[in-house]
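Okay, here's what each chain looks like letter by letter:
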Amino acid sequence: MAYIVDFETVSTRGLESSPVADALAGLRANEARYFKNKYDHVFTVEPASEAKSAVDRVSRILAEERDIVIASRPLEATAFQVENIRMAYVFYESGLSINVMYSVDDAKKRAVGFKLSDGMEVPAELDSFKFARQKSKLAGTIRGSYFVIKGEY
């Protein structure tokens, strides 16, 4: 069942099995606040088992672009479009959040973003990436990285 992410009252709903559930919930709320403020979009997520197409899309792009397979179990996912950008998010049990930003009409604005929740280690499958740090009132310290998508999806 879909769940509207509240960025004013952060909840670990759906993320309870994560060892960094509080930080991951803050990271998810941080994303919800961004989309509400920038696009007036209400950020909703659903269990990964119910958002299989979003999880599969992210997994396919990771595998085809960089031969990356995420070891952690996906907990929640969402897919939506704002303006001319198709977005997909997957939140993993380890505390990892992956998003795919895919501009419909501009191949130069397509990327995969990784965000690590406060308190989690860099997963082995992402250890070749350099992560920048960002402070967030909702999520503490977020470490992020990305790569540009070259293929068509």
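Reading the values: the criteria
- Residues numbered from 1 in each chain as written.
- Predicted model: local features only at pLDDT ≥ 70, side-chain atom pairs only at ≥ 80, totals over all residues.
- Heavy atoms only, no water.
- Helix = DSSP H or I, 4+ residues; strand = E, 2+ residues; numbered from the N terminus.
- Rg over C-alpha atoms; globule rule 2.2 N^0.38 Å.
- Buried < 20%, exposed > 50% of the residue type's maximum accessible area, 1.4 Å probe, protein only.
- Contact = heavy atoms within 4.5 Å.
- Areas by Shrake-Rupley, 256 points an atom, 1.4 Å probe, with all protein chains shown as cover.
- Pairing = 2+ DSSP bridges.
- Axes fitted to C-alpha atoms, helices over the stretch in contact; angles between N-to-C directions.
- Salt bridge = Lys/Arg side-chain N within 4 Å of Asp/Glu carboxyl O.
- Expected span 1.5 Å × (residues − 1).

## Points about the overall build of the chain
Next up, step 1: Summing up its helical and strand segments, the chain has two helices and eight strands in all.
Next up, step 2: Computed over the C-alpha atoms, the radius of gyration of the chain is 14 Å, within 12% of the 15 Å expected from 2.2 N^0.38 for a compact globule of 153 residues.
Next up, step 3: Seen through its principal axes, the chain has C-alpha atoms that stretch 35 × 35 × 30 Å.
Next up, step 4: Within the chain, buried positions represent 48% of all 153 residues.
Next up, step 5: Residue pairs in contact within the chain that sit at least 24 positions apart in sequence constitute 56% of those at least 6 positions apart.
Next up, step 6: Element-wise, carbon and sulfur atoms account for 49% of the exposed surface of the chain, whose accessible area totals about 8,000 Å².

## Focus: the environment of R13
Next up, step 1: Here R13 lies in the loop between β1 (3-4) and α1 (21-39).
Next up, step 2: Separated by 72 residues in the primary sequence, R13 and I85 place their C-alpha atoms 27 Å from one another.
Next up, step 3: Apart from the residues lying within four places of it in its own chain, the contact partners of R13 are M1, Y3, R28 and E76.

## Some details on the sheet that holds β1
Next up, step 1: Pairing within the open sheet is antiparallel, and its eight strands lie in the order β1-β2-β3-β4-β5-β6-β8-β7. Unpaired on one side and paired on the other, β1 and β7 (132-136) mark the two borders of the sheet.
Next up, step 2: As paired strands, β7 and strand β8 (residues 140-148) are joined by five bridges and run antiparallel to one another. Considered in β8, the bridge of R133 is made with R143.
Next up, step 3: Packed onto the sheet, α1 meets β1, β2 (44-47), β3 (74-82), β4 (85-92), β5 (96-103), β6 (110-116), β7 and β8 and runs at close to 165 degrees relative to β4.

## Observations regarding the pairing of β2
Next up, step 1: Sheet analysis places β1 next to β2, joined by two bridges and oriented antiparallel. Pairing of I4 across the sheet is with T44, part of β2.
Next up, step 2: The sheet contact formed by β2 and β3 spans two bridges and is antiparallel. For P47, the partnering residue across the bridge sits in β3 and is E76.

## With respect to the pattern of salt bridges
Next up, step 1: The final tally for this structure, using the stated rule, is seven salt bridges.
Next up, step 2: Residue R73 pairs with E93 through a salt bridge whose shortest N-O separation is 3.1 Å. Of this pair, R73 sits in the loop between α2 (52-66) and β3 while E93 is found in the loop between β4 and β5, placing the two residues 20 residues apart along the sequence.
Next up, step 3: Taking relative accessible area as the criterion, R73 reaches 45% and is therefore assigned partly exposed.
Next up, step 4: Between E152 and R110 there is a salt bridge, with the nearest N and O atoms lying 3.2 Å from each other. With E152 in the segment after β8 and R110 in strand β6, this pair connects stretches of sequence that are 42 residues apart.
Next up, step 5: Look at E152 and you get exposed, because its relative accessible area is 59%.

## Observations regarding the side chain of S18
Next up, step 1: Looking at the element boundaries, S18 is found in the loop between β1 and α1.
Next up, step 2: A relative accessible area of 5% places S18 in the buried class.
Next up, step 3: When neighbours within four sequence positions are excluded, S18 is seen to be in contact with L24, L75, E93, S94 and G95.

## Observations concerning α1
Next up, step 1: With 19 residues, α1 ought to run about 27 Å at 1.5 Å a step, and its terminal C-alpha atoms sit 27 Å apart, in line with that.
Next up, step 2: Remark: D40 follows α1 within two positions and exhibits a positive phi of approximately 55 degrees.

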